[in-house]
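# Descriptive analysis of the structure
Here are the chains, one letter per residue:
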Amino acid sequence: MKIVNFGSLNIDKVYSVPHFVSAGETLSSTNYEEFPGGKGLNQSIALAKAGAEVYHAGKIGKDGLFLKDILSESNVNIDWIEETGTTTGHAIIQVSSSGENCILLFGGANKEITIDQINDVLVNFSQDDLLLLQNEINDLEYIVEKAHKKGLKIALNPSPINETITKLGFSKIDYLILNEIEAKAITGENMNDKIFQRLLSLNKQLKIVLTLGTEGVIYKDSVQEHRQPSYKVDAVDTTAAGDTFLGYFLSQISQHTDIKKSLQIAAKAASIAVTRKGAASSIPTWQEVIETI
């Protein structure tokens, strides 16, 4: 099974500051760093490190060419990343001396996906393949509709949650991988049992993976339920935990591993990621994960 991830490609621009900038204030930063970012990029790298055959589709500007290199170095196919965006999507991140952060996002090229690009990408995939989506690019509804008509399996990570997601509907989604905040926003429910009941009422074929942070993960579909506890570690940076989990889980699914084992492997991968700083750079290799299970 091939996996095509139609997802975001960002540059994270991180400024170290003594405190967050106030209205009307000019403030000098003490340090500046750039990192690859975007949920799409992180998840593609996690998929590839977990052994999946993954193709990333998206759009960047000329300022983001290094993102293609990073993906390629991780064995992600980059043939369907266009370089015609006005500017690459990015995040301006202030990190205060106390360790707090505030983030300003700009979608940039991620929001300039065209219908022609979508059609050109999806023509290369068939009903034996899997499409992965997040909510950091435009025209999700069209992509879902087009992929569904072609018979692709569709996995959705509804992050960030907004009206695009709540209006999308889930009748064409096969795998829904989400956290508690997203689940509550979509269903209006607070209890896990009610959340699952509500989601399965929207699509009885839906396979739901609800991540609960330190409380682990619950998988549920119409016939089975599995709970996977989290592995206890000393967390340093949880930035890429969810993306790592998702990539490893879907990679195992694409290789026809059973649900219980897939959850175990994905949880272990996420537990390794949180012991390291950074996003894409914290995602462990397959060998690192297997050696510790």
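Up top is the structure these notes are about.
These remarks concern the structure in this document. Keep in mind it's a predicted model, so treat the numbers as computed, not measured.

Looking only at helices and strands, the chain has 10 helices and 13 strands in total. Here the chain has a C-alpha radius of gyration of 19 Å; the compact-globule value for 293 residues is 19 Å, and the two agree. The principal-axis extent of the C-alpha atoms belonging to the chain is close to 55 × 45 × 40 Å. In the chain, which comprises 293 residues, the share counted as buried stands at 49%.

In this section: the packing of aromatic side chains. In total, this model carries 6 aromatic pairs according to the counting rule given. Residues W80 and F125 carry aromatic rings whose centres are separated by 5.4 Å and whose planes lie at 65 degrees to one another, so their mutual orientation is edge-to-face. One end of the pair, W80, is in strand β5 (residues 77–82); the other, F125, is in the loop between α3 (115–122) and β8 (130–133), with 45 residues separating them in the sequence. Plain terms: the ring middles of F245 and F249 are 6.1 Å apart, the flat faces sit at 5 degrees to each other, and that makes the pair stacked.

The next point concerns the pattern of salt bridges. For the coordinates displayed, the defined rule picks out 9 salt bridges. A salt bridge links K220 to E225; the nearest nitrogen and oxygen atoms lie 3.5 Å apart. Judged by relative accessible area, K220 falls into the partly exposed class, the value being 22%. Residue E225 is classed as partly exposed on the basis of its relative accessible area, which comes to 36%. For E288, the salt bridge goes to R276, with nearest N and O atoms at 2.6 Å. Here E288, found in helix α10 (residues 286–291), pairs with R276, found in the loop between α9 (259–273) and α10; they are 12 residues apart in sequence, far enough to count as distant. Owing to a relative accessible area of 27%, R276 belongs among the partly exposed residues under this scheme.

Moving on to the nonpolar core. Of all hydrophobic cores here, the largest spans 41 residues; its most connected members are L71, V209, F245, Y248, F249, L250 and L263. Among the elements of the structure, α1 (39–49), α2 (65–73), β5, β8, β10 (175–179), β12 (217–220), α8 (241–254) and α9 are those that each provide at least two residues to this core. At 7 residues, α9 tops the list of elements feeding residues into this core. Beyond its immediate chain neighbours, meaning those up to four positions away, L250 contacts I3, L47, L130, L132, A155 and I177.

By definition, the strands of a sheet pair up through backbone hydrogen bonds, in either a parallel or an antiparallel sense. Reading across the sheet, the 4 strands line up as β3-β2-β6-β7 and stay open at both edges, with mixed pairing between neighbours. Bordering the open sheet on either side are β3 (31–37) and β7 (101–106), each of which pairs with just one other strand. The average undirected angle you get between the axes of adjacent strands in this sheet is 20 degrees. The sheet contact formed by strand β2 (residues 10–17) and β3 spans 7 bridges and is antiparallel. Among the inter-strand pairings, Y15 is bridged to a residue of β3, identified as Y32.

What the 9 strands build is an open sheet, ordered β5-β4-β1-β8-β9-β10-β11-β12-β13; its pairing is mixed. Looking at strand neighbours, the two that pair on one side only are β5 and β13 (225–228), the edges of this open sheet. Across the sheet, the mean angle from the axis of one strand to that of its neighbour is 15 degrees, orientation sign disregarded. One ladder, built from 4 bridges, connects strand β4 (residues 53–59) with β5; its direction is parallel. Looking across to β5, one finds that A57 is bridged to W80. This element, α2, spans β4 and β5 of the sheet and lies at about 160 degrees to β5. Here helix α6 (residues 180–187) sits on the sheet and contacts β10 and β11 (207–211); the angle it forms with β10, its principal contact strand, is near 110 degrees.

Moving on, we get to the packing of α1 against α8. Running from N to C, α1 and α8 cross one another at 45 degrees; their axes reach a closest spacing of 8 Å. Comparing their axes, α8 and α1 come out oblique. Of the two possible hands of crossing, α1 and α8 adopt the one that is right-handed. Only D243, T244, L246, G247, Y248, L250 and S251 of α8 make contact with α1, whose side of the interface consists of K39, N42, Q43, A46, L47 and K49.

This brings us to the pairing of β8. Of the two faces of β8, the one lined by L130 and L132 and the one lined by L131 and L133 are each fully buried. Summarising the sheet, strand β1 (residues 2–6) and β8 pair through 4 bridges and their orientation is parallel. Bridge pairing links N5 to L132 in β8. For β8 and strand β9 (residues 153–156), the ladder comprises 4 bridges, and the chain directions are parallel. Pairing of L133 across the sheet is with L156, part of β9. Crossover β8 to β9 through helix α4 (residues 140–150) is right-handed.

A separate point is the side chain of Q94. Inspection of the secondary structure puts Q94 in strand β6 (residues 89–96). Setting aside anything within four residues of it in sequence, one finds Q94 in contact with Y15, V17, H19, F20, V21, E100, N101 and C102.

Cut-offs applied
- Residues numbered from 1 in each chain as written.
- Predicted model: local features only at pLDDT ≥ 70, side-chain atom pairs only at ≥ 80, totals over all residues.
- Heavy atoms only, no water.
- Helix = DSSP H or I, 4+ residues; strand = E, 2+ residues; numbered from the N terminus.
- Rg over C-alpha atoms; globule rule 2.2 N^0.38 Å.
- Buried < 20%, exposed > 50% of the residue type's maximum accessible area, 1.4 Å probe, protein only.
- Phe/Tyr/Trp six-rings, centres within 6.5 Å; stacked < 30°, edge-to-face > 60°.
- Salt bridge = Lys/Arg side-chain N within 4 Å of Asp/Glu carboxyl O.
- Core = buried A, V, L, I, M, F, W, Y, C linked by side-chain atoms within 4.5 Å.
- Contact = heavy atoms within 4.5 Å.
- Pairing = 2+ DSSP bridges.
- Axes fitted to C-alpha atoms, helices over the stretch in contact; angles between N-to-C directions.
- Parallel < 35°, antiparallel > 145°, perpendicular 65-115°, else oblique.
- Left-handed = near helix turned anticlockwise from the far one by under 90°.
- Right-handed = clockwise from strand over helix to strand, strands pointing away.

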